[in-house]
Amino acid sequence: MLQLQQPIQLLAMGGMAIPLLIHLWNSRQRRTMQVGSIALLEKNEQNSHSRIRITEWLLLLLRCLLIALLAVLLAKPLWRYNAAARQKGWVVVDESQLAATYHHFHTTIDSLLNSGYILHYLNNAAAAASFADTTQPAAVTNRALYWQQFTQLDKQAPAGLPFVVFTSNAMQHFTGVKPVTGRVVQWITFSPTDTARWIECAYAAAGDSLRIISGASNTAATVFETAVISAKTGAPGFVFSNQHGLLNVAAFGDTAVADTATLHIEYAGNNPDVAYVTAAVKAIAQYTGRRIMIAPYTGKQDEAHPADWLFWLSDKKLPASNARHVLLYDGDKATQQYSVLPPLIPGMQQPVALLRSNTAATDTAHVLWRDAFGQALLAGTASNGQTIVHFYSRFNTEWNNLTWNSAFPVMLLQLLLPQNAHYKYDNRTLDSLQVQPVFLPAAGNSAGSNANAATINLTPVCWIILLLVFITERLVALRQKRRANAAV
């Protein structure tokens, strides 16, 4: 049906009164004619006074139609129609894996497309999807999150239209909450056939050796191996090179920059908290084999080699420091409470009991950990190239039992040495039933009944009609003018 985006512009149709008045005025104009008798002249005058007639009806209608078309153009006309009625369903594919998808399912996909299904990309419903060239390798892209992309596509597509989705079943693409949909979805998957190998990280260990952690992933599992190699003699399969003062390690077709620096950590405070933190840092150094140096804070700032971390485990005000990262005790109005904290890291099995905490002074920091009541317990801010981590409790058994938890060194490890995400290498897979969205007939989609509607912009059509009417009006006006001149 016809829809106008700005229907108020139709008031411009009132302009059709202008050509009507012009035609009425022209019909009153007198014309000099030669007659053979005064009696005939008197009769003609009597008839002319009795009525006013419009003699150029076609020309009047064309001019009124021009004004009406201009008004419709100003109103921005659209034609709405039921898109779902013209489509049988959608074939949905991952744009970054076109070649692999078509290789596995080309017979099924071709059959669906020939039967009336429309091809769409999972991450972009508006883009023109095509299998025109599946020979080119897929471009390196960010990890595709299929469930999140499906949820967005489900909202954009016409309600009730069935989907047939073709993707990889690699676990890395299925994270978060499983989507709920009211449409019929058939999710067909294929498994990666190769085993991915890569260098997870490389760093300096004791002496001149390097500790290299490599990963391998197939459809069943992802495992990591550690190798300690002399930077001077090397080892088979590993290639070392220096580029711009950086030591590069190459293996398995992957390259990583080795971290040859020593991690400098300083601490301030004369309480038992220091003993817990230093013991955890020493355990991290022993476990990872990294070069880690921990020492008391002296107040001297080395501009050339600032500390990587400063643990300010004191209630005193933090002095000016050029440490790259700072963890400090923060907050005011200490309150006593007993609650069990939610896990901060995956796999944290032992619960952490919170006995006392401070109230966060501001709520502008990026909260990393909250207590059971939703109050900030660990938060981070960044300013002038320095990261500050605010801890609103203490590393003390009078405040919590965090330091007795076996996950305490692991938490500090992730804080001091964040691990690189290796999602793009993870080839573990899920079963086909695990990837299917939850079907709930009453769910529908957020677009409602309007999801079925598609629109066609009628503005170009109206311009063409307007041009044709204008040309016709000019031809008719020219023809009538010639007739009038011939009659004189």
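Before reading further, recall that the structure is shown in the block above.
Residues numbered from 1 in each chain as written. Predicted model: local features only at pLDDT ≥ 70, side-chain atom pairs only at ≥ 80, totals over all residues. Heavy atoms only, no water.

Participant: How would you explain the side chain of N169 if you had to name every residue and give the values?
Facilitator: Along the polypeptide, N169 turns up in the loop between β5 (163-168) and β6 (180-181). If sequence neighbours within four positions are ignored, N169 has contacts with F174, T189, F190, S191, P192, R428, T429 and L430. (Helix = DSSP H or I, 4+ residues; strand = E, 2+ residues; numbered from the N terminus. Contact = heavy atoms within 4.5 Å.)

Participant: Before we move on, can you summarise helix α5 (residues 146-156) with the specific residues and values?
Facilitator: Within the sequence span of α5, burial applies to Y146, W147, Q149, F150, L153 and D154. Each buried residue of α5 sits inside an arc of 155° when the element is viewed along its axis, so together they form one side. Packing partners of the buried residues in α5 comprise β3 (89-93), β4 (117-121), β5, β6, β7 (185-190) and α8 (432-435). (Buried < 20%, exposed > 50% of the residue type's maximum accessible area, 1.4 Å probe, protein only. Arc of directions from axis to C-beta.)

Participant: Give a detailed account of the pattern of salt bridges, specifying residues and quantitative values.
Facilitator: In this structure the tally under the stated criterion is eight salt bridges. Close ionic contact of R290 with D259 constitutes a salt bridge, the shortest N to O distance being 3.3 Å. Note that R290 is positioned in the loop between α6 (272-288) and β15 (292-296) and D259 in the loop between β13 (254-257) and β14 (263-268), a separation of 31 residues in sequence. Classification of R290 as buried rests on a relative accessible area of 18%. Close ionic contact of R324 with D308 constitutes a salt bridge, the shortest N to O distance being 2.9 Å. Of the two residues, R324 is situated in the loop between β16 (309-312) and β17 (325-329) and D308 in the loop between β15 and β16; the sequence distance between them amounts to 16 residues. Taking relative accessible area as the criterion, R324 reaches 40% and is therefore assigned partly exposed. Its relative accessible area of 14% is what places D308 among the buried residues. Salt bridges sharing partners connect three or more residues here, namely R63, E473 and R474. (Salt bridge = Lys/Arg side-chain N within 4 Å of Asp/Glu carboxyl O.)

Participant: Lay out the nonpolar core in plain terms, naming residues and giving numbers.
Facilitator: F311, L327, F395 and L416 are the most contacted members of the largest nonpolar core, which has 35 residues in total. Looking at this core, the elements that each hand over two or more residues are β14, α6, β16, β17, β19 (352-359), β21 (376-383), β22 (386-391) and α7 (408-416). Other than its neighbours up to four places away in sequence, L327 contacts W309, L310, F311, W312, L313, V389, F391, F395 and L415. In this structure, V92, A144, F163 and V185 belong to the second largest nonpolar core, which totals 18 residues. (Core = buried A, V, L, I, M, F, W, Y, C linked by side-chain atoms within 4.5 Å.)

Participant: Talk me through the environment of A251; I want residue IDs and the actual numbers.
Facilitator: With respect to the helices, strands and loops of the structure, A251 is situated in strand β12 (residues 246-251). For A251, a relative accessible area of 4% corresponds to the buried category. Along the chain, A251 and F238 lie 13 residues apart, while their C-alpha atoms are 5.1 Å from each other. When sequence neighbours within four positions are dropped, the list of residues in contact with A251 reads I199, G237 and F238.

Participant: Could you give an account of the sheet that holds β3, with specific residues and numbers?
Facilitator: Across the sheet, four strands lie side by side as β4-β3-β5-β7; this open sheet has parallel pairing. Among the strands making up the open sheet, the edge pair consists of β4 and β7. Averaged over all pairs of adjacent strands, the angle between strand axes in this sheet comes to 20°, irrespective of strand direction. Bridging between β3 and β4 involves five bridges; their strand directions are parallel. By the bridge assignment, V92 is partnered in β4 with H120. (Pairing = 2+ DSSP bridges. Axes fitted to C-alpha atoms, helices over the stretch in contact; angles between N-to-C directions.)

Participant: Describe the packing of aromatic side chains, naming the residues involved and giving the relevant values.
Facilitator: For the structure shown, the criterion picks out 16 aromatic pairs. Seen in terms of ring centroids, W90 and F163 are 5.5 Å apart; in terms of plane orientation they differ by 5°. Their pairing is stacked. With W90 in strand β3 and F163 in strand β5, this pair connects stretches of sequence that are 73 residues apart. For W90, a relative accessible area of 5% puts it in the buried group. What links up through ring pairs into an aromatic cluster is the set W90, Y146, W147, F150, F163, F174 and W187. The residue whose ring lies beneath R394 is W399, and the NZ or CZ to ring-centre distance is 4.7 Å. (Phe/Tyr/Trp six-rings, centres within 6.5 Å; stacked < 30°, edge-to-face > 60°. Lys NZ or Arg CZ within 6 Å of the ring centre and 35° of its normal.)

Participant: Give me the lowdown on the pairing of β22, citing residues and values where you can.
Facilitator: Counting buried residues along β22, five of its six residues qualify, which places the element largely inside the surrounding structure. When β17 meets β22, the two strands line up parallel, connected through five bridges. Within β22, the residue paired with H325 across the bridge is T387. Bridge count between β21 and β22: six bridges; the pairing is antiparallel. Bridge pairing links S383 to Q386 in β22. Adjacent in sequence and paired antiparallel, β21 and β22 are bridged by two residues, among which N384 carries a positive phi angle near 55°.

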